[in-house]
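Architecture at a glance
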Amino acid sequence: MAKTIKSAVADTLEDLAKGNFEKFCHQLLDRREPPRVKRNRVEDKSRLQVTDALVSIFTEEGALRVTLEILKQIGCSEEAKELEEATGGKSSKPAPTDASSESAGAAGGSKTAGGKDFVDKHRVQLTNRVSNIAPILDELLDKEVIDQETYTRIRALSTTQEKMRELYSGPLQAAACKKIFYDILLKNEKFLVKELSEKDGKGGCRSQTLPRRRRFGGSGDPETNRQQRRENATGGQSSKRGSSDAAVSGGCTMADGKHFVDKHRVELIKRVSNIEPILDELLDKEVITQEQYDKIRALPTSQEKMRELYSGSLRAEKCKDIFYESLLANEKFLVEDLSKGWSLAKLLENFL
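Given the structure is predicted, the values throughout are model-derived calculations rather than measurements. (Residues numbered from 1 in each chain as written. Predicted model: local features only at pLDDT ≥ 70, side-chain atom pairs only at ≥ 80, totals over all residues. Heavy atoms only, no water.)

Along the chain, the regular secondary structure elements total 22 helices and 0 strands. Counted over contacts in the chain with a minimum sequence separation of 6, partners at least 24 positions apart contribute 67%. If you sum the accessible surface of the chain, you get close to 18,400 Å²; carbon and sulfur atoms cover 49% of it. (Helix = DSSP H or I, 4+ residues; strand = E, 2+ residues; numbered from the N terminus. Contact = heavy atoms within 4.5 Å. Areas by Shrake-Rupley, 256 points an atom, 1.4 Å probe, with all protein chains shown as cover.)

This next bit is on the nonpolar core. Leu268, Met306, Leu309 and Phe323 are the most contacted members of the largest nonpolar core, which has 29 residues in total. Looking at this core, the elements that each hand over two or more residues are α16 (260–263), α17 (265–271), α18 (275–284), α19 (290–297), α20 (302–311), α21 (317–330) and α22 (332–351). Here this core gets 6 residues from one element, more than from any other, and that element is α21. Listed in part, the 28 residues of the second largest apolar core include Leu64, Val66, Ile74 and Ala176. (Core = buried A, V, L, I, M, F, W, Y, C linked by side-chain atoms within 4.5 Å. Buried < 20%, exposed > 50% of the residue type's maximum accessible area, 1.4 Å probe, protein only.)

On to the packing of aromatic side chains, then. Per the stated rule, a full pass over the model turns up 2 aromatic pairs. Between the aromatic rings of Phe118 and Tyr182, the centroid separation amounts to 5.2 Å while the plane-to-plane angle is 65°, which identifies the pairing as edge-to-face. In this pair, Phe118 sits in helix α6 (residues 118–121) while Tyr182 sits in helix α11 (residues 175–188), placing the two residues 64 residues apart along the sequence. Each member of the pair, Phe118 as well as Tyr182, carries the same accessibility label: buried. (Phe/Tyr/Trp six-rings, centres within 6.5 Å; stacked < 30°, edge-to-face > 60°.)

Okay, the pattern of salt bridges next. Throughout the structure, instances matching the rule amount to 21 salt bridges. As a salt-bridge pair, Arg31 and Glu69 come within 3.6 Å of each other at their nearest N and O atoms. Highlighted residues: Arg31 in the loop between α2 (18–30) and α3 (47–73) and Glu69 in helix α3, separated in sequence by 38 residues. Classification of Arg31 by relative accessible area gives buried; the value is 6%. Its salt-bridge partner being Lys320, residue Asp262 comes within 2.7 Å of it at the nearest N-O pair. You can see Asp262 sitting in helix α16 and its partner Lys320 sitting in helix α21, a full 58 residues away along the chain. (Salt bridge = Lys/Arg side-chain N within 4 Å of Asp/Glu carboxyl O.)

Our next topic: unusual backbone geometry. What you tend to see is this: most non-glycine residues have negative phi, and most peptide bonds are trans. We note that Thr59 has phi near 70°; this positive angle belongs to a residue other than glycine. Looking at the secondary structure, you find Thr59 in helix α3. Not every positive phi belongs to a glycine, and Glu144 is a case in point at roughly 65°. Tracing the chain through its elements places Glu144 in the loop between α8 (133–142) and α9 (148–155). When its relative accessible area of 23% is taken as the criterion, Glu144 is described as partly exposed.

We now examine a negative patch on the surface. On the surface, a cluster of negative charge is contributed by Glu14, Asp15, Glu78, Glu82, Glu84 and Glu85. Put simply, the parts of the chain that give the negative patch at least two residues each are α1 (5–15) and α4 (77–87). If one sorts the elements of the negative patch by residue count, α4 sits on top with 4 residues. Here Glu82 is to be found in helix α4. Residue classification places Glu82 among the partly exposed positions, given a relative accessible area of 45%. (Patch = residues over 30% accessible without salt bridge, like charges linked within 9 Å, V, L, I, M, F, W, Y side chains within 5 Å. Lys, Arg positive; Asp, Glu negative; His and termini not counted. Charge placed at Lys NZ, Arg CZ, Asp CG, Glu CD.)

A word on the packing of α8 against helix α10 (residues 160–169). For any two helices packed against each other, one specifies the inter-axial angle together with the distance between the axes. Two elements in contact, α8 and α10, have axes whose closest approach is 11 Å; the angle formed by their N-to-C orientations is 25°. Accordingly, the angle class assigned to the pair α8 and α10 is roughly parallel. Like other packed secondary-structure pairs, α8 and α10 cross with a definite hand, here left-handed. Residues Ile133, Leu137 and Leu140 of α8 form the contact with α10, whose participating residues are Thr160, Lys163, Met164 and Leu167. Broken down by class, the residue content of the contact of α8 with α10 amounts to 5 nonpolar, 1 polar and 1 charged. (Axes fitted to C-alpha atoms, helices over the stretch in contact; angles between N-to-C directions. Parallel < 35°, antiparallel > 145°, perpendicular 65-115°, else oblique. Left-handed = near helix turned anticlockwise from the far one by under 90°. Nonpolar A, V, L, I, M, F, W, Y, C, P; charged D, E, K, R; others polar.)

In this section: the environment of Thr127. By the secondary structure assignment, Thr127 is in helix α7 (residues 123–129). A relative accessible area of 0% places Thr127 in the buried class. Separated by 37 residues in the primary sequence, Thr127 and Met164 have C-alpha atoms spaced 5.4 Å apart. Side-chain polar atoms of Thr127 contact the backbone oxygen of Arg123, separated by 2.8 Å. (Polar contact = N/O pair within 3.5 Å; in protein donor to acceptor, adjacent residues only side chain to side chain.)

Have a look at this one:
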């Protein structure tokens, strides 16, 4: 019968020489990545007690990851290799099948049916919709996912969305912390977690974005797709009299063939104000990385943030499409205003 992670970790610690076990405990206490381990959970404790502490603090999968990491740091590479072989390096239960792990995610575990962590998959929704943040922060502090300084700094932020973004930019990058955060969400945002989990089971997250992407064109030929978008934007007419901006009818390429995001660059830089949820969505759709997200968010003004986007990510055509969709969701009236303004100018030009 295959071992559980907990029993495999316990056996590995039992087999360590006394000096190596002392080194292991020292490295465990010296870890800087949250959650931190309290000294009283390790000092003068047996190897089984240290195993219990690892699983309690990090969860089984996290305990395996931390144990392997520390074993390699203290020069016990052979022991780390044996532990990896004993557990497969990834399973929290003995020899699960693919089907069982898929159903576990769909049924509401911290992993979704596609294998992605619930906290990562629903980052945008959780940022926008978590409301009961105060008790969540209390529990994160109690479980040492955040320290008192971080707790005080996050609580001082003005909105729940800002507090969630700060959590995602720091503690929630660690896998063990995501699991703890998910468990806290189950207690404090039960109905939100249930709703998002049900969408996972139905494939809801994916279906929300695909329809809009399909209307940009179904052919494999880029030129054909551009022509199709141009026709959608003008109702099948030429870009002369009666033409209108593609944004009005739902496209992102305008009647003159130029992308909305490029055409209105100056105005968008000046007038986009709701930049934070746009950045959230760009990160969620992997247009920007976590490092770029943090760098842009640290800039002092919306204008600076927009300029940074234009200088990097928004050079790619696909990224412009995604950015345009996010503008429609978060700056609808600005998009409409720019679309109407362009259309009026074009009409006047045609009549003169």
